[in-house]
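A structural walkthrough
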Amino acid sequence: RTRQTISAAVASISSRRMYAPRKPVAPVSSTEVGVSRGTRADAACAATLTVDTTADTDLFACSTAPGDCALRGAINAANATTAADAIAFDIPSTDPGCVAATGVCRIAPLTSLPSIFTGELSIDGYTQPGAVPNSNTPAQGGSNAQLKIVLSGTSCPGCSSGISYFTTGGTVRGLVINGFGAAA
């Protein structure tokens, strides 16, 4: 009975957000823009969930509407499927958690973010406009990366880590994670 209840809840959440158009993560052809969850009506289709606010809420619609996808909500939405989902970022510089002059956006959860237990979730801070991965070679030394997303634990003194994985195969890149009680 519990499995049926969970399956029904996953199907309900998935069906509410399945056909909403998504923001493209990277430049794509015009034929690729739109539905990123596929055409099948099951909860196993992979999705790109685009965070567009620094707010610490459970906003999980993650559609093209502004301000409807927070990091907490995107993790919860990804956890509701078994697919290899991706979390991307497209937070406008006008968001209250961003510094317009630098384009750096600070996400400061008030409580621990949900643990990640879904299959192979990728969280990519380099998808935020203005973020750039390091292109220096080892011979050049140093890093010329431009990181634009900061996950800060300063508003959550009881939080032990920024991101907790309880699965294998996940990837986190392009984020600054600091101010938490333990390494992320």
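Model, not experiment: these values are computed from the prediction.

1. Concerning the sheet that holds strand E4 (residues 104-107)
A sheet is described by the order of its strands in space; here four strands give the open sequence E3-E4-E6-E8, paired in mixed fashion. Whereas interior strands pair on both sides, the edge strands pair on one side only; in this sheet they are strand E3 (98-99) and strand E8 (175-178). In this sheet, E8 lies alongside strand E6 (residues 149-152) in parallel orientation, the contact comprising four bridges. Looking across to E8, one finds that Leu151 is bridged to Ile177.

2. Observations regarding the state of the cysteines
Two cysteines whose sulfur atoms are joined by a covalent bond form what is called a disulfide. Per the stated rule, a full pass over the model turns up three disulfides. The connectivity of the disulfide-linked cysteines in the protein chain, indexed sequentially, is 1-2, 3-4, 5-6.

3. Focus: the environment of Pro157
Tracing the sequence through the fold places Pro157 in the loop between E6 and strand E7 (171-173). Using a relative accessible area of 79% as the deciding quantity, one classes Pro157 as exposed. For the pair Pro157 and Thr111, spaced 46 residues apart in sequence, the C-alpha separation works out to 8.7 Å.

4. Describing the sheet that holds strand E1 (residues 48-51)
If you walk across this open sheet you meet the four strands as E1-E2-E5-E7, and the pairing is parallel. Two strands bound the open sheet, and with one partner strand each, they are E1 and E7. On average, each strand axis in the sheet is tilted by 15° relative to the strand beside it, whichever way the strands run. Sheet topology note: the strand E2 (residues 86-89)/strand E5 (residues 122-124) ladder contains two bridges and is parallel. Residue pairing in the sheet places Ala86 in a bridge with Ser122 of E5. Those strands touched by helix H2 (residues 71-79) are E1 and E2, and its axis lies near 170° from that of E1.

5. Some remarks on the pattern of salt bridges
Applying the stated criterion across every chain yields a total of two salt bridges. Salt-bridge contacts for Arg72 lead to Asp56; the nearest nitrogen and oxygen are separated by 2.8 Å. Pair noted here: Arg72 is in helix H2 and Asp56 is in the loop between E1 and H2, with a separation of 16 residues, a long-range link. Judged by its relative accessible area of 24%, Asp56 falls in the partly exposed class. The salt bridge involving Arg173 is made with Asp124; its shortest N-O contact spans 3.2 Å. Of the two residues, Arg173 sits in strand E7 while Asp124 sits in strand E5, which places them 49 residues apart along the sequence.

6. Structural notes on the confidence of the model for the protein chain
Across the protein chain, pLDDT averages 77, with 73% of residues at or above 70. The low-confidence segment residues 1-43, where pLDDT is below 50, has 62 contacts with residues more than four positions distant or belonging to other chains.

7. Re unusual backbone geometry
Phi at Cys62 takes a positive value of approximately 50°, unusual for a residue other than glycine. The topology assignment puts Cys62 in the loop between E1 and H2.

Conventions we followed
Residues numbered from 1 in each chain as written. Predicted model: local features only at pLDDT ≥ 70, side-chain atom pairs only at ≥ 80, totals over all residues. Heavy atoms only, no water. Pairing = 2+ DSSP bridges. Helix = DSSP H or I, 4+ residues; strand = E, 2+ residues; numbered from the N terminus. Disulfide = S-S within 2.5 Å. Buried < 20%, exposed > 50% of the residue type's maximum accessible area, 1.4 Å probe, protein only. Axes fitted to C-alpha atoms, helices over the stretch in contact; angles between N-to-C directions. Contact = heavy atoms within 4.5 Å. Salt bridge = Lys/Arg side-chain N within 4 Å of Asp/Glu carboxyl O. pLDDT = per-residue confidence, 0-100.

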